2 protein chains.
Amino acid sequence: MAVDRDHVLRSAAALLTRRASATMDDVARAAGIGRATLHRHFAGREALVKALEALGIQETEAALDRARLDDGPAEDALRRFVAAVEPAAGLLAFLVTENQLFEDDVHAGWNRIDARISALFRRGQEGGEFRIDLPPAWLTEALYGLIGACAWSIQDGRLAARDFPYMTAELLLGGARRSVST
Amino acid sequence: MAVDRDHVLRSAAALLTRRASATMDDVARAAGIGRATLHRHFAGREALVKALEALGIQETEAALDRARLDDGPAEDALRRFVAAVEPAAGLLAFLVTENQLFEDDVHAGWNRIDARISALFRRGQEGGEFRIDLPPAWLTEALYGLIGACAWSIQDGRLAARDFPYMTAELLLGGARRSVST
DNA sequence: CCCGGATGAGACAGTTTCGTCTCAGCGGGT
DNA sequence: ACCCGCTGAGACGAAACTGTCTCATCCGGG
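Rules and cut-offs
- Residues numbered from 1 in each chain as written.
- Chains lettered and ligands numbered in written order.
- Predicted model: local features only at pLDDT ≥ 70, side-chain atom pairs only at ≥ 80, totals over all residues.
- Core = buried A, V, L, I, M, F, W, Y, C linked by C-beta atoms within 7 Å.
- Buried ≥ 20, exposed ≤ 12 C-beta atoms within 10 Å, placed from the backbone.
- Contact = placed C-beta atoms within 7 Å.
- Helix = DSSP H or I, 4+ residues; strand = E, 2+ residues; numbered from the N terminus.
- Expected span 1.5 Å × (residues − 1).
- Nonpolar A, V, L, I, M, F, W, Y, C, P; charged D, E, K, R; others polar.
- Near = placed C-beta within 6 Å.
- Least-squares fit on C-alpha atoms with pLDDT ≥ 70 in both.

A closer look at the nonpolar core
Logical step 1: Ranked by size, the top nonpolar core spans 115 residues in total, and within it A12(A), L92(A), I147(A), A12(B), L92(B) and I147(B) carry the most contacts.
Logical step 2: For I147(B), the residues in contact, after removing those within four places along its chain, are V85(B), A89(B), L92(B), A93(B) and T168(B).

Structural notes on helix α8 (residues 136-155) of chain B
Residue and element names in this part refer to chain B.
Logical step 1: Its 20 residues place the ends of α8 28 Å apart at the C-alpha level, agreeing with the 28 Å of an ideal helix rising 1.5 Å per residue.
Logical step 2: Counting buried positions along α8 gives 18 out of 20 residues, so the element sits mostly inside the fold.
Logical step 3: Positive backbone phi, approximately 80°, marks G157, located one or two places after α8.

Description of the interface of chain A and chain B
Logical step 1: Listed per partner, the contact involves 39 residues of chain A and 39 residues of chain B.
Logical step 2: Of all the elements in the fold, those that place two or more residues in the side of chain A that touches chain B are α8 (136-155) and α9 (164-174) of chain A.
Logical step 3: Grouping the amino acids of the side of chain A that touches chain B by side-chain chemistry returns 18 nonpolar, eleven polar and ten charged.

Section: the protein's contact with DNA strand D
Logical step 1: The environment of DNA strand D is formed by 18 residues, the closest being V3(A), I33(A), G34(A), T37(A) and G44(B).
Logical step 2: Listing elements by their share of the surface near DNA strand D, those giving two or more residues are α3 (35-41) of chain A together with α2 (24-31), α3 (35-41) and α4 (45-67) of chain B.
Logical step 3: Examining the composition of the surface near DNA strand D, we find that three residues originate from one element, α3(A), more than from any other.
Logical step 4: Taken together, the residues of the surface near DNA strand D sort by class into nine nonpolar, five polar and four charged.

A few points about the environment of L159(B)
Logical step 1: Turning to its location among the elements, L159(B) is positioned in the loop between α8 and α9 (164-174).
Logical step 2: Setting aside residues no more than four positions away along its own chain, L159(B) makes contact with A137(A), W138(A), C150(B), S153(B), I154(B) and M167(B).

Digging into the relation of the copies chain A and chain B
Copies of the same chain, two in number, are related to each other by a rotation about an axis and a translation along it.
Logical step 1: With an RMSD of 0.2 Å, chain A superimposes on chain B once it is rotated by 179° and translated 0.0 Å along the axis. Put plainly, the chains are arranged around a two-fold axis. Nearest to the rotation axis, the C-alpha of G175(A) is located 1.8 Å from it, this being the minimum over chain A.
Logical step 2: Most of the interface of chain A is mirrored in chain B, where 100% of its interface residues are also at the interface.

Quick notes on the protein's contact with DNA strand C
Logical step 1: Around DNA strand C, the structure places 18 residues, and the nearest of them are G44(A), V3(B), G34(B), A36(B) and T37(B).
Logical step 2: Broken down by element, the residue count for the surface near DNA strand C peaks at three residues, all from α3(B).

Geometric descriptors of this kind do not, in isolation, establish any biological role.
Encoded structure:
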């Protein structure tokens, strides 16, 4: 009965984003396994974080692939991405908050993700869909921030999980202000 | 030549939001002082974090006061708040990310802040300024997320500091989509 | 010029956490 | 029914961090 590596990583991400000082013991307990077992699967804390980063990047890139960012209106592409990234939102939040300790390889993956999302926003701006007074870099960072904020709110029970795609995409796209027309 | 307590706390916040596992030695070095001096001003790590929380809450509430949230259009009030909270953005980001380990007194302060911002969004919704399909609780969390994201981007040099109020308020209010009219 | 207060560097013991190990228990597959 | 592999619990030394201390230095005020 092999331990569910994926489950361990996800609960670790959920715990560590909110309490980065958590002990290996805490992480193990949060995943419902023993500390010894945790060490059997991840050589140490460093290896655990690396696995977390690798999984987060992998899943985010997979979500980018599934969202087909180059197809159709940029707004629709963004909605597809938000929906596709939902399962990885916790991991992504971890990556965003802890990105001070990135090694080179993680940095490379992160830059790939950044570039693809920025390109989407740029495409939207050039196509006249998105406003041009907010730079793509900021829109990208804001997207990360909103994904993280929504993931945390859901984790803490302040929002319903099923609202994730709507809340995140709607706020990023339309903002809080009531649309002028409509 | 007393150590600049405020400067120490701000650099500590900047460091700890991005690497919560940072050592007291790291914190001291980030502030440009010795570890012994850091301990002279803050009895220990716990005391440092408490001071950080207290300052963050105090400054955020002061910003809320200055913004006069109840005056005039909700949109303008929000812009005033974003502008007023800018100096405390780093502290606020720390509070948001680390709010798992809040003690009761910090929780109380945080709840006060939450209530005031949520009330602003509710007022805007009831006045027809803000859309009603996004709950005030989410708008509040999103605001925190955007403030944190913008503060980090500026810290890392990806955005210019002077754009903080515009970027943050514009995205939250208007979103990325190009306004239908105008 | 001298002095007092504050600082940085480093030593020190105490504590926490880490990583490894052993051992007994459990469960699935044969 | 019997292994074999995986697991949890706990012990253990090693390492890292913490908090306190001492001491030399620096700086400004008197």
